[in-house]
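A closer look at the structure
Take a look at the letters that make up each chain.
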Amino acid sequence: MHIRNVVFSLLVFSVVLAAGLTTAEAADAPLKIGIVNIEQVLLNSTAGQEAKKALEAEELKHKTEFQKEKDKMDKLQEEVEKKSSAWSDEVRREKELEFKKQAREVQARLEEA
């Protein structure tokens, strides 16, 4: 969201600047067109760098959370595969349902992210 604010501010500034220059200098000077590399501005500006760091921190947080969930599911799947022959049908169904429930929850969180 912060990047959107920066981009929007730059866009508004460019429009206002262009409008001010064209009305004041329209009769005196030929039309000049400037090019702004928004990507370069975002990468080199303080606000852009802060936004990038915030996004990277958020990404790391989500990766860590999803890795924990994946490890938990891998452990449960391994348990089901190793012990299912010793379990009763009811226990095996319970564990399989638990695994499917966790898989759905992780999939839903992935879709939200």
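Residues numbered from 1 in each chain as written. Predicted model: local features only at pLDDT ≥ 70, side-chain atom pairs only at ≥ 80, totals over all residues. Heavy atoms only, no water.

What follows deals with the side chain of Gln102. With respect to the helices and strands, Gln102 occurs in helix H4 (residues 89-112). Taking the relative accessible area as the measure of exposure, Gln102 reaches 9% and is therefore buried. Contact partners of Gln102, with chain neighbours within four places excluded, come to Lys72, Met73 and Leu76. (Helix = DSSP H or I, 4+ residues; strand = E, 2+ residues; numbered from the N terminus. Buried < 20%, exposed > 50% of the residue type's maximum accessible area, 1.4 Å probe, protein only. Contact = heavy atoms within 4.5 Å.)

It is worth spelling out the packing of helix H3 (residues 46-83) against H4 at this point. Contact pair H3 / H4: the axes reach a minimum separation of 10 Å and the direction vectors enclose 160 degrees. With respect to their mutual orientation, H3 and H4 come out roughly antiparallel. Classified by chirality, the crossing of H4 by H3 is left-handed. On H4, the residues touching Glu65, Phe66, Glu69, Lys72, Met73, Leu76, Gln77, Glu79 and Val80 of H3 are Lys95, Glu96, Glu98, Phe99, Gln102, Ala103, Val106, Arg109 and Leu110. Class assignment of the residues belonging to the contact of H3 with H4 gives a composition of 8 nonpolar, 2 polar and 8 charged. (Axes fitted to C-alpha atoms, helices over the stretch in contact; angles between N-to-C directions. Parallel < 35°, antiparallel > 145°, perpendicular 65-115°, else oblique. Left-handed = near helix turned anticlockwise from the far one by under 90°. Nonpolar A, V, L, I, M, F, W, Y, C, P; charged D, E, K, R; others polar.)

Let's shift gears to the confidence of the model for the chain. For the chain, per-residue confidence averages 79 on the pLDDT scale, and residues scoring 70 or more make up 74% of the total. Within the chain, helix H1 (residues 2-25) has the poorest average pLDDT of any element, 61, and H3 the best, 87. (pLDDT = per-residue confidence, 0-100.)

Following the criterion strictly, the structure yields 7 salt bridges and no others. Glu59 is the salt-bridge partner of Lys63, the closest N and O atoms lying 3.6 Å from each other. With a gap of 4 residues between them, Lys63 and Glu59 both fall in helix H3, about one helical turn apart. The residue Arg109 makes a salt bridge to Glu69 at a minimum N-O spacing of 3.8 Å. You can see Arg109 sitting in helix H4 and its partner Glu69 sitting in helix H3, a full 40 residues away along the chain. Bridged by salt links that share partners, the residues Glu65, Glu69 and Arg109 form one connected network. (Salt bridge = Lys/Arg side-chain N within 4 Å of Asp/Glu carboxyl O.)

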